[in-house]
Amino acid sequence: MRAAVLYEVGQPLAVEEVELDPPRQGEVLVRIAATGVCHSDLHYIKGDLVMPLPVVLGHEAAGIVEAVGAGVQSVQPGDHVVLLFAPACGRCRYCAAGRPHLCEMRLRVRGRMPDGTSRLHARGEDLHHFTCVSSWAERAVVPESGVLRVERDLPFAVCALLGCAVTTGVGAVLNTAQVTPGSTVAVFGLGGVGLNVVQGARIAGAVTIVGVDMLEHRLDAARRFGATHTVNARRDDPVKAIQDLTQGGADYAFEVIGRAATVRQAVDCLARGGTAVAVGLPPAREELALPGPAFILNEKTLRACFYGSARLRHDIPRLLALYHAGRLMLDELVTAALPLERVNEAVAALDRGDGLRTILEMHTA
Ligand code: CND
Ligand code: ZN
């Protein structure tokens with residue numbers, strides 16, 4: 001099959017023939033139909049985040065089950081599925097506590113399948129898996145807990161987005177921060193994930209939603225997704241603008257860029273007692289700094305959000321219900337669709353901030 005392989009940081013991905021082993025016990029072979037291009041993938045391509053290479057990236061995807069290994073019960077060939085980048089064992093302390101997105105399995109896999117081996121090979125060596133998904137490929141072998149069956153009449157691009165951007169963004173609001181009706185919210189970074197924070201805030205009933213970005217077309221998009229105000233950080237100081245728009249500070253602020261400096265802005269723009277949520281992934285070399293006494297005397301909170309703090313099997317069906325009810329904008333997020341062969345163009349477009357979300361589409365006929 002064809003797959004996009006990252007052999008070296010900073011280099012274009014090689015789209016080439018890759019060998020994929022059949023699914024083993026408890027594993028599922030998925031034919032990828034659509035897969036998103038997320039900034040987390042780009043962080044690894046640029047070397048801001050580090051993982052063992054070579055690797056097949058891609059963690060936001062949907063497809064059709066083609067085969068299942070022994071013991072698989074929840075899906076069968078022909079099922080349409082969303083791929084989940086946090087496989088869960090169902091037994092560890094985190095799963096037992098109702099926080100399966102924090103399952104111990106994720107820390108253990110480190111570029112492999114949960115049993116410690118790889119299903120992907122090229123040029124005579126094993127390739128690494130990415131978050132047990134590796135969807136920038138025609139097919140993927142994933143753990144059974146890494147797929148969720150969805151209705152067959154849904155567009156694959158929409159299902160792919162539920163694999164990361166939507167579930168992370170909306171989840172950051174509803175699960176991590178638990179924004180309450182009437183709140184004021186600031187969102188730093190209005191890309192594929194940030195726009196979902198914006199619409200999550202609208203769904204949660206926030207009355208003031210301030211979107212911050214440096215690209216004018218992303219500010220326009222944020223207003224369509226529910227922002228009541230926007231600030232161009234290239235032109236204006238976002239902290240001051242947010243404080244003015246929220247009578248002294250926001251109740252909640254979300255950083256959806258991945259930079260220490262903007263996490264600090266998210267904390268600084270809060271009202272007393274406010275909560276900032278760090279969703280963006282800062283480079284591995286960066287540390288987050290807080291404003292000492294002001295953080296404590298104003299009783300602020302800084303929370304981290306992984307995968308929307310989601311209970312995926314509970315949350316994704318609810319997100320689909322919101323989509324069917326016309327309250328969650330998903331089709332509008334997809335602004336370009338390219339074939340896998342053009343993955344490097346899609347990555348460059350993300351880096352420039354073109355459009356909203358680019359989807360790589362495979363032929364599934
Ligand atoms: P994308 O690149 O689409 O959006 C980032 C946006 O930030 C762009 O619109 C930029 O113009 C904007 N931006 C950059 N610098 C600034 C600045 N200084 N001030 C204001 N705006 C700025 O990225 P994405 O939406 O795909 O991902 C956003 C982050 O979320 C990224 O760091 C990614 O790795 C992370 C993420 C986290 C998780 C999680 O589970 N926590 C899941 N997926 C993605
Ligand atoms: Zn992502």
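Note that the structure is predicted; figures quoted are calculated from it, not measured.

**Some remarks on the overall build of the protein chain**
The number of helices and strands found in the protein chain is 12 helices and 20 strands. For a compact globule of 365 residues, the expected C-alpha radius of gyration is about 21 Å, and the protein chain comes in at 20 Å, within 12% of that figure. For the C-alpha atoms alone, the extent of the protein chain along its principal axes is close to 60 × 40 × 35 Å. Looking at the protein chain residue by residue over its 365 residues, the buried ones come to 58%. Long-range contacts, defined here as pairs at least 24 residues apart, represent 71% of the contacts in the protein chain between residues at least 6 apart. Taken as a whole, the protein chain presents about 15000 Å² of accessible surface, with 50% of it coming from carbon and sulfur.

**As for the pattern of salt bridges**
Think of it this way: side chains of opposite charge can pair up when their charged atoms draw near. Inspection of every chain in the model, using the stated rule, returns 20 salt bridges. Across the salt bridge formed by Glu-66 and Arg-31, the nearest N and O atoms sit 3.7 Å from each other. With a gap of 35 residues between them, Glu-66 in strand 6 (residues 61-68) and Arg-31 in strand 4 (residues 27-36) connect regions that are remote in the sequence. Glu-66 gets classed as partly exposed once you look at its relative accessible area, which sits at 29%.

**Digging into helix 6 (residues 194-204)**
With 10 of 11 residues buried, helix 6 lies mostly within the body of the structure. What helix 6 keeps buried is the set Gly-194, Leu-195, Asn-196, Val-197, Val-198, Gln-199, Gly-200, Ala-201, Ile-203 and Ala-204. Buried residues along helix 6 sit in contact with helix 5 (165-177), strand 13 (184-188), strand 14 (208-213), helix 7 (216-225), strand 16 (250-255) and helix 11 (312-324). Residue Gly-205 follows helix 6 closely and has a positive phi angle near 90°.

**Examining the pairing of strand 20 (residues 357-361)**
Buried residues dominate strand 20, accounting for four of its five residues. By the bridge criterion, three bridges tie strand 4 to strand 20 in an arrangement that is antiparallel. When the sheet's bridge partners are listed, Gly-36 is paired in strand 20 with Ile-359. Where strand 19 (residues 334-338) meets strand 20, four bridges bridge the pair, whose relative direction is parallel.

**So, the sheet that holds strand 14**
Strand order in the open sheet formed by six strands is 15-14-13-16-17-18, and the pairing between neighbours is parallel. At either end of the open sheet lies a strand with only one pairing partner, and these are strand 15 (229-232) and strand 18 (301-304). Strand-to-strand twist across the sheet, computed as the mean angle between neighbouring axes with direction ignored, equals 20°. Sheet analysis places strand 13 next to strand 14, joined by five bridges and oriented parallel. Of the residues in strand 14, the one forming a bridge with Ala-186 is Val-210. This element, helix 7, spans strand 14 and strand 15 of the sheet and lies at about 170° to strand 15. Contacting strand 13, strand 16, strand 17 (270-278) and strand 18, helix 9 (residues 260-268) runs over the sheet at an angle of about 150° to strand 17.

**Regarding the packing of helix 1 (residues 39-46) against helix 12 (residues 343-352)**
At a minimum axis separation of 10 Å, helix 1 and helix 12 run at an interaxial angle of 100°. Taken as axis vectors, helix 1 and helix 12 run roughly perpendicular relative to one another. In this structure, helix 1 contributes His-39, Leu-42, Ile-45 and Lys-46 to the contact, and helix 12 contributes Val-347, Leu-350 and Asp-351. Here the residues of the contact of helix 1 with helix 12 sort into four nonpolar, one polar and two charged.

**Observations concerning the environment of His-39**
Along the chain, His-39 turns up in helix 1. Taking the C-alpha atoms as reference points, His-39 and Asp-351, separated by 312 residues in sequence, lie 8.0 Å from one another. Every residue in contact with His-39, bar those within four places of it in the chain, is listed here: Leu-350 and Arg-357.

How each quantity is defined
- Residues numbered from 1 in each chain as written.
- Chains lettered and ligands numbered in written order.
- Predicted model: local features only at pLDDT ≥ 70, side-chain atom pairs only at ≥ 80, totals over all residues.
- Heavy atoms only, no water.
- Helix = DSSP H or I, 4+ residues; strand = E, 2+ residues; numbered from the N terminus.
- Rg over C-alpha atoms; globule rule 2.2 N^0.38 Å.
- Buried < 20%, exposed > 50% of the residue type's maximum accessible area, 1.4 Å probe, protein only.
- Contact = heavy atoms within 4.5 Å.
- Areas by Shrake-Rupley, 256 points an atom, 1.4 Å probe, with all protein chains shown as cover.
- Salt bridge = Lys/Arg side-chain N within 4 Å of Asp/Glu carboxyl O.
- Pairing = 2+ DSSP bridges.
- Axes fitted to C-alpha atoms, helices over the stretch in contact; angles between N-to-C directions.
- Parallel < 35°, antiparallel > 145°, perpendicular 65-115°, else oblique.
- Nonpolar A, V, L, I, M, F, W, Y, C, P; charged D, E, K, R; others polar.

Worth remembering: the numbers are spatial, not functional.
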